[in-house]
Amino acid sequence: MKADVPSPRQISDYSLTRADFDLDQGSLNLEQQKVQDEMDFLGGIGRSFKIMNDYQVEDPFAPESPLVINIGCLTGTAYMTGLRTYFTAYSPLKRTLKDAPMAGWSTMSGSFGRKFHSTGLDDLVLLGRAPRPSILVLRQGSNGPEISLDEAPEAMIGARTPDKFKWLNEQYNQTSSRKFHAHFATIGPAGENWEKVWYACILGSTQEQLMSGEDKFRFAGRLGMGSVLGSKNILAVVAHAEKDDSPKGDARLKSINQEIGRGDQSKGYRHPINRDGGGGTGRLERVLDINGVLPVKNFAPEGENLAEPVHIETIRDSKDYVIIDKQCFGCQISCHQDVYAASPEGKDPDVKKARKEAGPYVGRYEFEPMELTGPNLCILDPQSNLKLARLTDDLGFDSISVGVTLGYLMDRNERGGEPVAGGLRFGDAKGAARVMEDIAYGREPLFGKGVKKISEEIGGSAYAMHSKGVEHSAYLPQTNPGYPFATAGGHMSMRTFLLYINDPQCQPESVDYWVEQITNQGWKMINNNLHGGCLFTLGTPQQTVEAISSVTGVEFSSSQLLDATYKAHLLGFALEQKQGATVEDYTMADEVFVGEAKGDLPRVHFMTKDLYEGVREKVLEKFTRDARESGYLS
Ligand code: SF4
C-alpha cells in the first residue's frame, strides 16, 4: 500500500498495487487502485473476498478460477507479528451438499509475506494454468514489482517439502554469503496431486529455516489452498526483495510491540522460560484432556487424562527430549515449540544447558497437528506422534484434514464390514504413515478428498467430522455449535470452540447464549485475517488500531476495525449463499448429538439436535438479514 500524499491522514490517501497474472500466457496486468473503504485499507480477506465475489466458479480447479495471494496493512511493517500472507480461492474441500465449491482462505506467518510486501505488491490474482510445472517469481524491480515464471526442474517435481525448500534456497539465495533476499511459499507432493488431494497446504519459509536448514516452516493449512496452487501448475512462489521496505511506525509502536512480545496477552503462547509462558498451543492438549473433552478415537473421549504420554508437558519433562522455542522474524512471542532429542550424554537438569546440548531436531509440537495425529488416532507414543505430525508437513498436507480423515478411516474399520485403507485401526502409527504417503502420491484418490466426499461414496457420514466439507479442528463438535458458521475452518474463523471449558459464564444449554457468541463475538477473531498481524498476539481492537495508526498515519478506530471485520465475515457468508448453500448445509455429523454414539460423553451431553437447530435458525436469520443490509445478498 502506497501513500499518495506526503503525510497520509485518511484511508483514501492510499493506493494499492494489484497484479493480475495470467499463467497460461505469462502476462501481467499491474494496476494502482485507490483505497475505497476500510476493508480495502486493512487488506487480506477484506479485499480478496471482494475479488471472489466478481467470479462465478463451478470448478475450483478450472484455470479461470482465481487464486488470490495478498497481505494486510501491517504485513511487512515493524509491528511485531506483522508477517501474514493470505491465500484465498474457491475451495475444493469446502463444498455445499450439492457439491458447489465455496470461497475460503488460509493464512501463514513466516517471512514470505514481508518479502511479498517489499516487492511492492498488495494483491496478486493468479488465473489460468502454467503450461508446465513452474516456479512463480515475484521480484522487487526498479520500476515496481516484476513477475515471471521459471520452469521447475526435475529436482522439484514430486519432491517432499524439505527438499523443495533446500533447492529453492540454493537457487534463489546466496547461502554461502548468508544473504537471504528470497523467501518461499511451496507445496508438497500432496499439492502436486491436486486432482486426488483436496486438502493440500501451502508452506512458507522462515528466516530460521533458511539459515539452519531445518524443517521450520509456517503453514497456510486449511481448505486446500495448496491443491488450488498445484492446479495452477505452480510448485512454489518466490518473493525476492534485496531491500526490505519495512515501515517503522511512530513512537507508539515500541510499547505496543513490547506488550505483544512480553505482556500477559501472549503469555499462553510462550515457552515457560520465556517470561513465565504457558507453553504454546500445545498446552491445550492437557487442558482439554483433564476436562474430558480432548478428541480421542475420532472425537469420542471416554474419560479424562487419556493422553498424558503425549502432553507437551510430559515431553518437555522427559529425559529424551528438549523443547526449544523458536520464532518467526522478529517475534518475541516465539510460539514455535520445537522438539529436539536430548543430548546422547544425558539431559542436563539445567534447562538452559539442556537446550545448548540438544541433539537433532525431531519435530514441532503444535496442538492441532499433534493432537489429530496422536490422541485422536489413539497414538500415544511421543516419537510416533511427532514423526507422524512431521510427515504431514513433509508431504504438504493440512495436518487437520489429513488427521481427521485417518480418524474417520480407523473408526470405520473398527465398526466392522469391508475394511478400507488396508484395514487401518486406531493406534496403528505405521499404517497411518503408509496411508498418508499413499494419499499424498495419489494412490488413494478417494481418501484425499476429505471425509465429506469419502462418506458420500462409502458411507459413514454420521461419524464424518466436518462442517461444509471442512474437517473439524481438534475441539469436540459436541462442545461447539459454532463450527458450521465458521467461514474458513472452526478454529480459524469462529471463536466458539473453547467456550465450553473456558467461559465461566457459559450456558451450554441456552440457545441464546450460543447465538450471542456466534453472531456478536465469534467472528471478531478474523480481524487478523485482514490486517496482517498474528492471531497469537490476542491484541485488543484498541491496541491493533493504535498500531495501524502508528504505521500508516491514519487514525483508525476500533469500531472501524470491527465493522470491517464483520463485513468480511458477512461477505464470506454471502459467498456461501451465492454458491447455493441452504439451511441443511450448516450442520455437523449426526453422531455428535445427544442420544447418538458420540453425543453422550462422560463430560459432555448437552448438544441436542433441538438445541442445535434452534441456534442455527437464529444465526442464519441474523447473518442473512445483515448480509442483505450490507448489500451482499439480494
Ligand atoms: S506468534 Fe508465533 S506464528 Fe505468530 S508471528 Fe510470532 S512466532 Fe510466528
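The paragraphs below set out a description of the structure included in this document. All figures in this text were calculated on a predicted structure; none of them were measured in a lab. (Residues numbered from 1 in each chain as written. Predicted model: local features only at pLDDT ≥ 70, side-chain atom pairs only at ≥ 80, totals over all residues.)

Some words on the overall build of the protein
Summing up its helical and strand segments, the protein has 23 helices and 18 strands in all. A compact globule built from 634 residues would reach a C-alpha radius of gyration of about 26 Å, and the protein, at 23 Å, matches this within 12%. Principal axes of the C-alpha set define a box for the protein whose edges measure 65 × 65 × 50 Å. Considering the protein as a whole, with its 634 residues, one finds that 58% of them fall into the buried category. (Helix = DSSP H or I, 4+ residues; strand = E, 2+ residues; numbered from the N terminus. Rg over C-alpha atoms; globule rule 2.2 N^0.38 Å. Buried ≥ 20, exposed ≤ 12 C-beta atoms within 10 Å, placed from the backbone.)

Some points on the environment of G46
Mapping G46 onto the fold places it in helix α2 (residues 45-53). Judged by the 27 C-beta atoms lying within 10 Å of it, G46 is buried. Considering only alpha carbons, one finds G46 and H569, 523 residues apart in sequence, at a separation of 8.8 Å. Sequence-distant contacts of G46, that is, excluding residues within four places in its chain, are made with M39, D40, L530, A564 and A568. (Contact = placed C-beta atoms within 7 Å.)

A short note on helix α21 (residues 541-552)
Since one α-helical turn is 3.6 residues long, residues separated by three or four positions face the same way. With twelve residues, α21 ought to run about 16 Å at 1.5 Å a step, and its terminal C-alpha atoms sit 16 Å apart, in line with that. In terms of burial, α21 is largely enclosed, as nine of its twelve residues are buried. Within α21, burial applies to Q543, T544, V545, E546, A547, I548, S550, V551 and T552. Residues of α21 that are buried make contact with α8 (252-262), α20 (528-531) and α22 (558-578). G553 occupies a position one or two residues after α21 and carries a positive phi of about 85°. (Expected span 1.5 Å × (residues − 1).)

Focus: the site of the ligand
Around the ligand, 13 residues are found, and the nearest of them are C328, C331, C335, C534 and F536. When the residues that make up the shell around the ligand are grouped by side-chain class, the tally is eight nonpolar, five polar and no charged. (Near = placed C-beta within 6 Å. Nonpolar A, V, L, I, M, F, W, Y, C, P; charged D, E, K, R; others polar.)

Digging into the sheet that holds strand β14 (residues 321-326)
Ordered in space as β14-β15-β16, the three strands form an open sheet in which the pairing is antiparallel. Every interior strand has two partners, whereas the edge strands, β14 and β16 (361-364), have only one. Pairwise comparison of adjacent strand axes, ignoring direction, gives a mean angle of 30° for this sheet. Pairing of β14 with strand β15 (residues 336-341), which is carried by six bridges, proceeds in the antiparallel orientation. Of the residues in β15, the one forming a bridge with I324 is D338. Sheet strands in contact with helix α13 (residues 382-395) are β15 and β16, and its direction is about 70° off that of β16. (Pairing = 2+ DSSP bridges. Axes fitted to C-alpha atoms, helices over the stretch in contact; angles between N-to-C directions.)

Quick notes on unusual backbone geometry
In this structure, N233 takes a positive phi of about 65° despite not being glycine. Residue placement: N233 occurs in the loop between α7 (225-231) and β13 (234-240). The phi torsion at N298 lies on the positive side, around 55°, for a residue other than glycine. Assignment of secondary structure puts N298 in the loop between α9 (283-290) and α10 (312-317).

Side note on the sheet that holds β13
Spatial strand order, β9-β8-β13-β10-β11-β12: six strands in an open sheet with mixed pairing. The open sheet has two free edges, formed respectively by β9 (144-151) and β12 (218-220), since each of these has just one partner strand. Pairwise comparison of adjacent strand axes, ignoring direction, gives a mean angle of 20° for this sheet. Where strand β8 (residues 134-141) lies against β13, six bridges are found, and the strand directions are parallel. Note that in β13 the partner of L138 across the bridge is A239. Helix-sheet contacts for helix α4 (residues 161-172) involve β10 (182-186), β11 (202-204) and β13, and the interaxial angle to β10 is about 150°.

Section: the environment of I312
With respect to the secondary-structure elements, I312 resides in helix α10. Along the chain, I312 and T186 lie 126 residues apart, while their C-alpha atoms are 28 Å from each other. When sequence neighbours within four positions are dropped, the list of residues in contact with I312 reads G279, G280, G282, R283, E285, Q337 and Y365.

Notes on the environment of D428
Mapped onto the fold, D428 is located in the loop between α14 (399-414) and α15 (429-440). Taking C-alpha positions, D428 is 44 Å from D24, a pair spaced 404 residues apart along the chain.

Some details on the nonpolar core
One finds F87, F184, I202, V237, V238 and V435 to be the most contacted residues of the largest nonpolar core, which totals 186 residues. Broken down by element, the residue count for this core peaks at eight residues, all from α22. (Core = buried A, V, L, I, M, F, W, Y, C linked by C-beta atoms within 7 Å.)

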